[in-house]
Structures are given as structure tokens and as C-alpha cells.
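Given next are the chains, with one letter for each unit.
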Number of protein chains: 2
Amino acid sequence: MGKPVAYENLRRLCEEILLSENFGIEAAHEIVDVLLEADLRGIPSHGVARLGRYIKERDSGNILLDSKPSIVHDTPVSATVDGNGGPGQCVSNYAMDLAIRKGKESMIGLVSVRNSNHYGISAYYSEKALSKKMIGIAMTNSYPLVVPTFGKEAVLGTNPFSVAIPGLKKNFILDMATSVVTRGKLEVYDRLGRDIPNGWAVDETGRNTTSPRRVLNNFNSRNPGGILPLGGSEEDFGGHKGYGMALLVDLLSAGLSLGRWSAETYSGSQAGVSHFFGCFSLELFGDRSSLIEHLEHIVDGVVSSKKADGHNKIYYHGEKEAMARERAVTSGIDLDQKTRDSLVSLAKKHSLSIPVELLD
Amino acid sequence: MGKPVAYENLRRLCEEILLSENFGIEAAHEIVDVLLEADLRGIPSHGVARLGRYIKERDSGNILLDSKPSIVHDTPVSATVDGNGGPGQCVSNYAMDLAIRKGKESMIGLVSVRNSNHYGISAYYSEKALSKKMIGIAMTNSYPLVVPTFGKEAVLGTNPFSVAIPGLKKNFILDMATSVVTRGKLEVYDRLGRDIPNGWAVDETGRNTTSPRRVLNNFNSRNPGGILPLGGSEEDFGGHKGYGMALLVDLLSAGLSLGRWSAETYSGSQAGVSHFFGCFSLELFGDRSSLIEHLEHIVDGVVSSKKADGHNKIYYHGEKEAMARERAVTSGIDLDQKTRDSLVSLAKKHSLSIPVELLD
């Protein structure tokens, strides 16, 4: 895998690449900040590995660098934002910051967003509410990869959502795709030549398949088939629940913004991704300090309950990512060879200086 | 199974039973209305089969008939309600109606609730918002039956939540336990002498078990072991996601009301169940009619996508229940023998007239 790359070196290089690609200083900073947060937390699928793809999406006209988001509907506690095709990270920072401003004034802020792009990890935005000791919510629809229960056509995205709830020391930060796995996981199994378990994906007939290659080929040929919702196929393990949550994300993001739902994204001239953001003040329900203490008491109760044989720790949500982040800030960020090669190649293209860790 | 019982006959009998048990006319009406909605929709586990249990809970002091809910914190868009041990249905109607009143005035209403009891099906409350063309939310914690990922102790409830979103004709009504199955499902398999699939439950060591009897025995003996969160054991199928959703329900209901979380319910003198209710006006985000049309367009898009081989229909959430309801309103409600016997016995105890369908 090569040497880990120091956070500051990687940030500098990625920002310089985007600047050289005419992304503008603010967009470069915002995009790289979100991507690096994913790498720091051990979620490389949403990290700087995406940089090349974002540049391609700018080239294809999905990401419009000169456009700014606009507010198309506004109330003291809510808004609908048109991203106007801007970078997902910039549009989403704008929308979540708007929600938080409303939340600070009115205790609640809800913002639906249309015509945006891939925004990175959901937790980046939900967590912004934590610094104000508010509850944060973020969700997005995405490229259609997931089949509804009893269907065989991938019309839903992996449609992730995140809810961040403050504690004394333990912030609960749920960030989950509503599918059983993501496309990246299938690609990993495919590269390793491994079968995927029954219950992850279906083939072009809508039946369970253990071949990741078959699913990926069907995606590439735009055949039916795709990834299953959380809970798997049919209803025995609750696949209809994951399907319901994926559809819920589409209804709240695309539905409430008059935006494109998953099946309509990345078709025609724009990506047209939709998001939904929200924040709530704890003062809606009582004294803030008492509530935070009580929220922590609940999280404490769960993680201190008895462990299954063979396990010595129950994690709360966000804990693994916080631990990975702490390690990576000190010892650097691991990048796979493909990502290293792509960064080096982009650096050379623009004659940028390359961090030594990438040259080993 | 015996003859189906006409809705009106069953309602009259159940209300008379509760009246004879001194529940009071309003409480009797509210409780039976919620329970019968479950039976009508084909969810007998939450139907009038619970009547005997509610009477026992009144006897044991969990359900306090003479208490009324009180508002302990209040803002124009939110409140915290203390149920003071009242029947879950009465407390929840009070709290959801309060949320809707606030929603009508302020476009948003959020209400957290503590010290309540079992409230029946979540969708009953979330749906109340639909008549006002608002989005409704309802969730509750519950008796601890579910183990967190890498744990073996049932500290979380099946913690269901419901979101109801209006459409033109197709109302999306998600109502799901955050566990892979409910206790009732294990009981059915146990009665039939069938093994449960791997991934539904763990034994007292925290390992997967296929024996429903073992899980139920552990519940009865208060041994470790229990039902798995949606996504099953460990993380391969996303069990940590279901665990996160169950914990989220506890944080929003118990956490925001300073109430008891699942592990603390039904211990000591009261049940202490916590709920969370909410409603949102569509006008927060734009013109109501346009949004409703667009929401329906998304649901239409999903259900009209290609079907898996062997299937000819993709359901939207709430559709199966609406279909079952339509049938049951006309042809009566099916009740299992145990429920029939229990109702007949309660009727005889209070010398009430018994519907002929129950005497066959």
C-alpha cells in the first residue's frame, strides 16, 4: 500500500490539483476538506480517490464551477435550495450552514436541495450541528444501484443518511447507506476473486447472486440487477425495511425539493443529485445540559452491556471513525496504489511538487 | 381459525370489556380504535390480542387509569410530555394531536414523551398528519429484546418508527421495527416447531441460534441472548446499521424526554415507555400541490419499475396494509383461537353479549 501520507501534505497536493484544474480556491478547499475527512476516518471509498472523478464530472458538465446555489423557497425554519449544478460539497455546506443559521434563530432549520452533485460523506454535514450542541441530519439520493423488494431494476441509490446527536464525550454519529453494502464493497470482492454472500445483490433476473462480477457487468451494460436494500432480498430478513428507508431518503431529498429522484440522476445534462439537511436545538425539549447528560447515559448503557463471546467491545456509532481519525492525524493517511498513481499523475500533469510519501 | 368477526361487533365487545374493567369511556374508545386498526391491517400481534395484557398491566400498576398527561416543557414548535403512566394510546393521541396543533400554527410540531405505555402500531399516529396533508413521524422504545452488534444482552427494544408522507392517491407509510423480526415471529416459529433462519437471533453466548425456543426461554429466564437488529449479526449484512437505528429511536424518544431508555422500561413500578412524535407542513419547502404530485411521481416510479422473475408487483409502504384493511372492513377480522377464547372469557366474566361469530 506504500507509506501513509501526512494529512497536510495530502491536503496541499489535492487543493493544488483542483486549483490547477480551475476549481477556484473556495471550492478546492471545501471539496478537499470533505474528501480528506473520509480518508481520515477510514472510509477511502469517499476520500481523495474521488478527485479524478470530480474532474471528469466537471469536464462532462455535471459539475458547474461558475454557478452558485440559490434559495427558491424560504421560511424562518426552512428553505429549498437549488444547487444549480455546483459541486456537491459547496452546495451542501451552503445548505447545511443555512439550516444551522435558521436553527440558531428558530431552534429548527430544515433545508431540501435539488440539482446538486455527489456530496461525500453524510456525517460531514450532520456533524456541523454538534458544535452548536444541536442535533444534525443529512441525507442524499445517489446514482441508481439498488433494487426495490420484488423488483430487479436498480432505481434507488444507496441513499445514505446521517444523524448526529451530541453527548458529553460520546457523540452519536450514525452514517449509513440504506443498502446492505455499497458498490465499492462489490468491487473489492471482485478484485479479490471472492464470491459475495447471498443477500447482497441480485442478478438480471432479480434472483440472489454470489458473483460480484455479474452485478458489476450488469451495471456497466445497464442491464437489470443490482445491490439489495438493508435486510436483503424478499422480506424474511426485512429487505422491505431497507427499501422503505431508501425510498424515504428519496422522498425527503428529491420529493421535498422538486428535484430528481435517484433513477433520474446522472441522466441528461446534469447529475441532479438531491439532498436534505436539518438541525434541531435540544432546548426544544428541555434544559440542554440535562438532556446531553441523559443522552450520554443511554449510549453508555448500551456500550457497557455484556459482550458476545469472542468480542470485548460494543461500539457506539461514530466511535470507530473517531478512533481511525485519531490514528491517521498522527501517522498519516493510507491510500491504495490506484489512488496514489492517480494523484501522482495529476501532480505531474500540472507540474506540482509531490509529497515524498507518494514517491516511495 | 373460526369465522371472521365483523368490525363493529368486535369494537363493541372490546369497548364493553374495557368499560367493565373500569377503563373509562374515552380510554376504552381510544385503546380499542388503535388495536383494531392493527387487526384490520393484518397485524394481529398489535391487535385486540393485547387486550388481556393491557388489563393485567392495569392490575400491576404499569397502566394508571386516573392519570392525565402533562406538558413539562413547551415552545411554539415543540413540547415534552409526561405521560404520568397513562395508557399508551391515550398519551400518544394527546402528544401527536399536540404536535399537529403546533404544526398547523407553526408548520412544525415535535413532541417527546416519557412515562407512557405500549402504544400499539406506530403508523396510527404518524398517519394522523396525513389528513392535514402534513408529514407525520412516530416512534417508541419498548421492552428490551434486541442485542447491540457485538453484544449478547438484550438492552434495546424492537424500537419501531413510522414516517407517513402524503401522495395524491399513494400515501407512503413506512412502519418498521428496527430489529430483523419481532418476538411474535419467534413465537409463531416455536409453535410450528420450525427452526428460525440464521441471522434472526442470538443465544446466551451471543452466537447465532436457529432455535426459537432457546431465545424465548432466555427471555423468560432473563438470561442473555435476544433478537438481532435489522441487518443481522456482526457487520457483514449491516447489523450495525439496525443497531444504530434502534439506538437512534431510544435517543430521540427517551433521550429527548429525560425518560427511561429500553433497558430501563418495565422495571420497578411503571412501564416508563418513551415516544417521539412529529409533523411537518409541506409548505416549508414549496407549493403543497406541486410537492404532493412530485412525491407521488417518485413512488410511482419505484412501483412501476421492472419486477423480479416470479413476482408481478412491487409494493409501496402502507399498500399491503391498506389492501388488508379494505378486505377486513367488508369481510370481517380474522382472530386466532387464543384471542377468541380470551375475548369470550372476558365477555363471560362481565356477562356481556358475545358476537355470534365468536361462538362458532
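Residues numbered from 1 in each chain as written. Chains lettered and ligands numbered in written order. Predicted model: local features only at pLDDT ≥ 70, side-chain atom pairs only at ≥ 80, totals over all residues. Heavy atoms only, no water.

*Asks:* What is the right way to read the domain arrangement of chain A from this model?
*Replies:* One frequent convention defines the size of an interface as the accessible area lost when the parts assemble. Residues and elements named next belong to chain A. Segmenting chain A into domains produces domain 1 (1-60 + 330-360), domain 2 (63-180 + 228-304) and domain 3 (183-227). Computed from C-alpha coordinates alone, the two centres of domain 2 and domain 3 are separated by 27 Å. Contacts between domain 2 and domain 3 engage 13 residues on the former and 15 residues on the latter. Of the roughly 1100 Å² buried between domain 2 and domain 3 on both sides combined, carbon and sulfur atoms contribute 58%. A per-residue breakdown of the area domain 2 buries against domain 3 is headed by Leu145, Lys152 and Leu228, which together make up 53% of the total. Along the contact surface separating domain 2 from domain 3 lie 0 salt bridges. Our count for the contact surface shared by domain 2 and domain 3 stands at 6 residue pairs in polar contact (both at pLDDT 80 or more). For the side of domain 2 that touches domain 3, the residue count by class is 8 nonpolar, 4 polar and 1 charged. (Domains from an automatic or database assignment. Contact = heavy atoms within 4.5 Å. Buried area = accessible area lost by both parts, 1.4 Å probe. Salt bridge = Lys/Arg side-chain N within 4 Å of Asp/Glu carboxyl O. Polar contact = N/O pair within 3.5 Å; in protein donor to acceptor, adjacent residues only side chain to side chain. Nonpolar A, V, L, I, M, F, W, Y, C, P; charged D, E, K, R; others polar.)

*Asks:* Just checking my understanding: could you explain the interface of chain B and chain A for this structure?
*Replies:* Of the residues lining the interface, 91 residues belong to chain B; the matching set on chain A comes to 91 residues. Both sides together, the interface formed by chain B and chain A hides about 7200 Å², and carbon and sulfur atoms give 71% of it. Of all residues in chain B, Phe150, Lys241 and Phe285 of chain B bury the most surface against chain A, accounting for 10% of the area lost on that side. The partner of Asp309 of chain B in a salt bridge is Lys152 of chain A, with the nearest N and O atoms 3.6 Å apart. The interface formed by chain B and chain A includes 38 residue pairs in polar contact (both at pLDDT 80 or more). Going through the elements one at a time, strand E1 (70-75), strand E2 (78-82), strand E3 (108-116), strand E5 (161-165), strand E6 (172-176), helix H8 (239-253), strand E9 (273-281) and helix H9 (288-303) of chain B are the ones with two or more residues in the side of chain B that touches chain A. Its residues assigned to classes, the side of chain B that touches chain A shows 50 nonpolar, 26 polar and 15 charged. (Helix = DSSP H or I, 4+ residues; strand = E, 2+ residues; numbered from the N terminus.)

*Asks:* What is the right way to read empty space enclosed by the protein from this model?
*Replies:* Where empty space is left becomes clear once a probe the size of a water molecule has been rolled over the atoms. Inspection of the entire model under this criterion finds 2 cavities of 30 Å³ or more. Space inside the largest cavity adds up to approximately 650 Å³. Taken together, 28 residues line the largest cavity, and the ones lying closest to its centre are Ile137, Met139 and Val163 of chain A together with Ile137 and Met139 of chain B. Elements with a minimum of two residues in the lining of the largest cavity: strand E4 (134-140), strand E5 (161-165), helix H8 (239-253) and strand E9 (273-281) of chain A together with strand E4 (134-140), E5, H8 and E9 of chain B. Counted by class, the lining of the largest cavity contains 28 nonpolar, no polar and no charged residues. In this model, the second largest cavity occupies a volume close to 70 Å³. Taken together, Val147, Pro148, Thr149, Phe150, Gly151, Val202, Gly206, Leu228, Ser233 and Glu234 of chain A together with Ala308 of chain B make up the full set of residues lining the second largest cavity. When grouped by side-chain class, the residues that make up the lining of the second largest cavity number 6 nonpolar, 4 polar and 1 charged. (1 Å grid on protein atoms, 1.4 Å probe; cavity = no way out; pocket = protein on both sides within 12 Å on 5 of 7 lines; lining within 4 Å. Points joined across faces, edges and corners; volume = space filled by probe spheres on them.)

*Asks:* Looking at this structure, how should I read the sheet that holds E4 of chain A?
*Replies:* Each strand in a sheet pairs with another by means of backbone hydrogen bonds, the pair being arranged parallel or else antiparallel. Residues and elements named next belong to chain A. Taken in spatial order, the 7 strands of this open sheet run E1-E2-E3-E9-E4-E5-E6, and their pairing is mixed. Strand pairing shows two members of the sheet lacking a second neighbour, strand E1 (70-75) and strand E6 (172-176), which therefore form its edges. The mean inter-strand angle of the sheet, taken between neighbouring strand axes irrespective of direction, is 10 degrees. Bridge count for strand E3 (residues 108-116) against E9 is 7 bridges, and the pairing is antiparallel. Counterpart to Ser112 in the pairing with E9 is Phe276. (Pairing = 2+ DSSP bridges. Axes fitted to C-alpha atoms, helices over the stretch in contact; angles between N-to-C directions.)

*Asks:* Any chance you could explain H8 of chain A here in plain terms?
*Replies:* Residues spaced three or four apart along an α-helix face the same direction, because each turn holds 3.6 residues. An ideal rise of 1.5 Å per residue puts 21 Å on 15 residues; H8 of chain A measures up with 21 Å between its terminal C-alpha atoms. Of all the 15 residues making up H8 of chain A, 14 are buried; the element is thus mostly covered by neighbouring parts of the structure. (Expected span 1.5 Å × (residues − 1). Buried < 20%, exposed > 50% of the residue type's maximum accessible area, 1.4 Å probe, protein only.)

*Asks:* Where do I start with helix H1 (residues 7-20) of chain B in this structure?
*Replies:* Residue and element names in this part refer to chain B. Helix length check: H1 (14 residues) gives 20 Å between terminal C-alpha atoms against 20 Å at 1.5 Å per residue, within 8%. Against the buried residues of H1 lie helix H2 (25-40), helix H3 (51-60) and helix H11 (337-349). Two residues or fewer after H1 comes Asn22, characterised by a positive phi angle close to 65 degrees.

*Asks:* Explain the relation of the copies chain B and chain A here, please?
*Replies:* Superposition of the two copies of the chain requires a rotation about an axis and a shift along the axis. Rotating chain B by 180 degrees and translating it 0.0 Å along the rotation axis places it on chain A, where the RMSD comes to 0.0 Å. Here the two chains are linked by the operation of a two-fold rotation axis. For chain B, the minimum C-alpha distance to the rotation axis belongs to Gly231 of chain B and amounts to 2.6 Å. Same-surface contact between copies: 100% of interface residues of chain B are shared with the interface of chain A. (Least-squares fit on C-alpha atoms with pLDDT ≥ 70 in both.)

*Asks:* What is the right way to read the pairing of E1 of chain B from this model?
*Replies:* It is a general feature of regular strands that their side chains alternate between the two faces of the sheet. All names here are of chain B. Sheet topology places E1 next to E2; 5 bridges connect them, and they run antiparallel. Paired with His73 across the two strands is Thr80, which belongs to E2. Linking E1 to E2, which pair antiparallel, is a turn of 2 residues.

*Asks:* What exactly am I supposed to notice about unusual backbone geometry here?
*Replies:* Among all residues except glycine, the phi angle is most often negative; among peptide bonds, the trans geometry is most common. Positive phi values are uncommon outside glycine, yet Asn159 of chain A reaches one of about 30 degrees. Positive phi, close to 60 degrees, is recorded for Lys133 of chain B, a residue that is not glycine.

*Asks:* Would you mind going over the sheet that holds E3 of chain B with me for this structure?
*Replies:* Strand order in the open sheet formed by 7 strands is E1-E2-E3-E9-E4-E5-E6 (chain B), and the pairing between neighbours is mixed. This sheet does not close on itself; its edge strands, each paired only once, are E1 and E6 of chain B. Shown here is a sheet whose adjacent strand axes are inclined to one another by a mean of 10 degrees, direction ignored. Each of E4, E5 and E6 of chain B touches H8 of chain A; the most contacted strand, E6 of chain B, lies at about 135 degrees to it.

*Asks:* Any chance you could explain a positive patch on the surface here in plain terms?
*Replies:* Residues and elements named next belong to chain A. A cluster of like positive charges, contributed by Arg53, Lys56, Arg191 and Lys338, occupies part of the molecular surface. Tracing the sequence through the fold places Lys338 in helix H11 (residues 337-349). With relative accessibility at 68%, the residue Lys338 sits in the exposed group. (Patch = residues over 30% accessible without salt bridge, like charges linked within 9 Å, V, L, I, M, F, W, Y side chains within 5 Å. Areas by Shrake-Rupley, 256 points an atom, 1.4 Å probe, with all protein chains shown as cover. Lys, Arg positive; Asp, Glu negative; His and termini not counted. Charge placed at Lys NZ, Arg CZ, Asp CG, Glu CD.)

*Asks:* I keep staring at the pairing of E5 of chain B and nothing clicks. Help me out?
*Replies:* Residues and elements named next belong to chain B. Most of E5 sits inside the fold, with 5 of its 5 residues counted as buried. Where burial is concerned, the two faces of E5 agree: the one with Phe161, Val163 and Ile165 and the one with Ser162 and Ala164 are both buried. When E4 meets E5, the two strands line up antiparallel, connected through 4 bridges. Across the sheet, the residue bridging to Met139 is Phe161, located in E5. As judged from the 5 bridges shared by E5 and E6, these two strands associate in the antiparallel manner. From the neighbouring strand, Ile165 faces E6, where its bridge partner is Phe172.

*Asks:* Would you explain the pattern of salt bridges in this entry?
*Replies:* When their charged atoms lie close together, side chains carrying opposite charge are able to pair. All names here are of chain A. On inspection of all chains with the given rule, the structure shows 44 salt bridges over all chains. The shortest N-O distance in the salt bridge between Glu21 and Arg58 comes to 2.8 Å. One end of the pair, Glu21, is in the loop between helix H1 (7-20) and helix H2 (25-40); the other, Arg58, is in helix H3 (residues 51-59), with 37 residues separating them in the sequence. Counted as one network, the salt bridges with shared partners bring together Glu21, Arg58, Asp59 and Lys349.

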